[in-house]
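The residues making up each chain are set out below.
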Amino acid sequence: MGKAKTRGHRLSFYIPENMQEKLLRISEKHHLSLSDFSRNALQKAIDAIEETDLRRELKEGFEANYQYYLAQQEEWKHADSEERGD
């Protein structure tokens, strides 16, 4: 039994004529429908934006907690020296 295809949502927008010419040329060269090419391009753009956002959020989170991490490190330094009898 074949895999059932789910129908997605329609998206319509205008593009400049020169972009359409390039899109047609590239999609034909790579044997892709315009829809497949567009979906792939949109997915790559979405992935890149999400990765950039995640990296920024991780950096901001680390920077926001940096002082906390330093304080914790200092506390453990004393605990380690007490354990060794320093």
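Everything discussed here concerns the structure shown above.
Starting from 1, residues in each chain are numbered consecutively following that chain's sequence as written. Only residues with pLDDT of at least 70 get local features here, since the model is predicted, and only at 80 or more are side-chain atom pairs given and counted; chain-wide, interface and lining totals rely on the full set of residues. Computation of side-chain values covers all heavy atoms of the structure but excludes hydrogens and water.

Draft legend 1. Looking closely at the overall build of the protein. Across its full length, the protein holds 2 helices and 0 strands. Total accessible area on the protein is roughly 8,700 Å²; 55% of this is exposed by carbon and sulfur atoms. A run of DSSP states H or I qualifies as a helix once it reaches four residues; a run of E qualifies as a strand once it reaches two. Both are numbered from the N-terminal end. Only the protein chains shown count as covering a residue, and every accessible area follows the Shrake-Rupley method with a 1.4 Å probe.

Draft legend 2. Structural context of the pattern of salt bridges. Any carboxyl oxygen of Asp or Glu within 4 Å of a side-chain nitrogen of Lys or Arg constitutes a salt bridge here. On inspection of all chains with the given rule, the structure shows 5 salt bridges. The residue arginine 56 makes a salt bridge to glutamate 60 at a minimum N-O spacing of 3.4 Å. Taken together, the residues span about one helical turn, with arginine 56 and glutamate 60 both in helix α2 (residues 34-84) at a distance of 4 residues. What emerges from the salt-bridge pattern is a single network uniting Asp53, Arg56 and Glu60.

Draft legend 3. Layout of unusual backbone geometry. Residues other than glycine seldom take positive phi values, yet histidine 31 does so here, at roughly 55°. Mapping histidine 31 onto the fold places it in the loop between α1 (17-29) and α2. Exposure categories follow from relative accessible area, calculated using a 1.4 Å probe and restricted to protein chains: below 20% of the type maximum is buried, above 50% is exposed, and the middle band is partly exposed. Using a relative accessible area of 74% as the deciding quantity, one classes histidine 31 as exposed.

Draft legend 4. Focus on the packing of aromatic side chains. Each aromatic pair joins two rings of Phe, Tyr and Trp (for Trp, the six-membered one) with centres within 6.5 Å, and gets the label stacked for planes under 30 degrees apart, edge-to-face for over 60, and tilted for any other angle. By the definition in use, this model includes 3 aromatic pairs. Here a set of aromatic residues connected by ring pairs shows up, and it is made of Phe62, Tyr66, Tyr68 and Tyr69.

Draft legend 5. Focus on α1. Its 13 residues give α1 an end-to-end C-alpha distance of 18 Å, which sits within 8% of 18 Å, the value for a rise of 1.5 Å per residue. Histidine 31 lies just past α1 and shows a positive phi near 55°. Expected helix span is computed as 1.5 Å times (number of residues minus one).

Draft legend 6. View of a nonpolar patch on the surface. Two joining distances apply to patches: 9 Å for like charges and 5 Å for nonpolar side chains (Val, Leu, Ile, Met, Phe, Trp, Tyr), and every residue must have over 30% relative accessible area and no salt bridge. A cluster of nonpolar side chains, namely Leu11, Phe13, Ile15, Met19, Leu42 and Ile46, defines an oily patch on the protein surface of about 570 Å² accessible area. Here isoleucine 15 lies in the segment before α1. With a relative accessible area of 30%, isoleucine 15 lands in the partly exposed category.

Draft legend 7. A look at the side chain of serine 27. With respect to the helices, strands and loops of the structure, serine 27 is situated in helix α1. What makes two residues a contact is simply this: any of their non-hydrogen atoms within 4.5 Å. The contacts of serine 27, once residues within four sequence positions are left out, are Leu32, Ser33, Leu34 and Phe37.

Scope: geometric values only; no functional claims are made or implied.
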